[in-house]
Amino acid sequence: GDGKPCIGDYVTIAPFHPQWHFATGIDSNSESAIDWEKRTPFPTVSLVCTSAIMAAGEESTKRIGAHNEDVLTSMGSHALGRLFRDKVLRGNAWADS
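What counts, and where the lines are drawn
- Residues numbered from 1 in each chain as written.
- Predicted model: local features only at pLDDT ≥ 70, side-chain atom pairs only at ≥ 80, totals over all residues.
- Heavy atoms only, no water.
- Helix = DSSP H or I, 4+ residues; strand = E, 2+ residues; numbered from the N terminus.
- Buried < 20%, exposed > 50% of the residue type's maximum accessible area, 1.4 Å probe, protein only.
- Contact = heavy atoms within 4.5 Å.
- Areas by Shrake-Rupley, 256 points an atom, 1.4 Å probe, with all protein chains shown as cover.
- Core = buried A, V, L, I, M, F, W, Y, C linked by side-chain atoms within 4.5 Å.
- Expected span 1.5 Å × (residues − 1).
- Salt bridge = Lys/Arg side-chain N within 4 Å of Asp/Glu carboxyl O.
- Phe/Tyr/Trp six-rings, centres within 6.5 Å; stacked < 30°, edge-to-face > 60°.

Engineer: Whenever I open this one, the overall build of the protein confuses me. Can you help?
Structural biologist: Along its length, the protein carries three helices and two strands. Ordering the α and β elements of the protein from the N terminus gives β-β-α-α-α. Counting only residues that meet the buried cut, the protein has 18% of its 97 residues in that class. Here the analysis covers contacts within the protein between residues at least 6 apart in sequence; of these, 66% occur between residues at least 24 apart. Split by element, the accessible area of the protein, about 7300 Å² in all, is 58% carbon and sulfur.

Next comes the structure, spelled out in structure tokens:
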């Protein structure tokens, strides 16, 4: 562009959704444990200071992502689904609709 700063220079948007699926190139009906990393009861947007991500560095953010994937994969998608239903959605009338 024109050299002017844009919103992405200051804020990084991290989306979350109850039916989140990462684009993995596999069957979209199959569920991966890593999909649970971005699932929330309601559609949610987290605004993160881009400078904080940059300060952490690429190595750090890759390490965090790999750790999350290892933990979620070791738990398995079915167990994570049960945990989400039992601990996150439990007792909420909106969860049954």
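Engineer: Sorry if this is basic, but what is going on with the nonpolar core here?
Structural biologist: Note on soluble globular proteins: their nonpolar side chains tend to be buried together. Formed by Ala 33, Ile 34, Trp 36, Leu 72, Leu 80, Phe 84 and Leu 89, the largest nonpolar core amounts to seven residues. With three residues, helix H3 (residues 77-89) is the single largest residue contributor to this core. When neighbours within four sequence positions are excluded, Trp 36 is seen to be in contact with Glu 31, Leu 72, Ser 77, Leu 80, Gly 81 and Phe 84.

Engineer: Looking at this structure, how should I read helix H2 (residues 58-75)?
Structural biologist: Helical periodicity: at 3.6 residues per turn, an α-helix aligns residues three or four positions apart in one direction. The end-to-end C-alpha distance of H2 is 26 Å, a good match for the 26 Å that 18 residues give at a rise of 1.5 Å each. Looking one or two places after H2, you find Gly 76, whose phi comes out positive at around 90 degrees.

Engineer: Help me out: how do you make sense of the pattern of salt bridges in this one?
Structural biologist: Side chains bearing opposite charge may pair, as long as their charged atoms lie close to each other. Taken as a whole and judged by the stated rule, the model has two salt bridges. A salt bridge links Arg 63 to Glu 59; its shortest N-O distance comes to 3.9 Å. Here Glu 59 and Arg 63 lie together in helix H2, a separation of four residues that amounts to about one turn. Each member of the pair, Arg 63 as well as Glu 59, carries the same accessibility label: exposed.

Engineer: I would appreciate a short explanation of the packing of aromatic side chains in the present structure.
Structural biologist: Enumeration according to the criterion identifies two aromatic pairs in this entry. Relative to Phe 22, the ring of Trp 20 lies with its centre 5.6 Å away and its plane at 80 degrees, an arrangement referred to as edge-to-face. Taking relative accessible area as the criterion, Phe 22 reaches 28% and is therefore assigned partly exposed. A ring pair is formed by Trp 36 and Phe 84, whose centres lie 5.2 Å apart and whose planes are at 55 degrees; its orientation type is tilted. Of this pair, Trp 36 sits in the loop between strand E1 (11-16) and strand E2 (44-49) while Phe 84 sits in helix H3, and the two are 48 residues apart along the sequence.

Engineer: Quick question: what am I supposed to make of the environment of Glu 31 here?
Structural biologist: Here Glu 31 shows up in the loop between E1 and E2. In this structure, the C-alpha to C-alpha distance between Glu 31 and Gln 19, residues 12 residues apart in sequence, is 10.0 Å. Apart from the residues within four sequence positions on either side, Glu 31 is in contact with His 21, Trp 36, Arg 39 and Ser 77.

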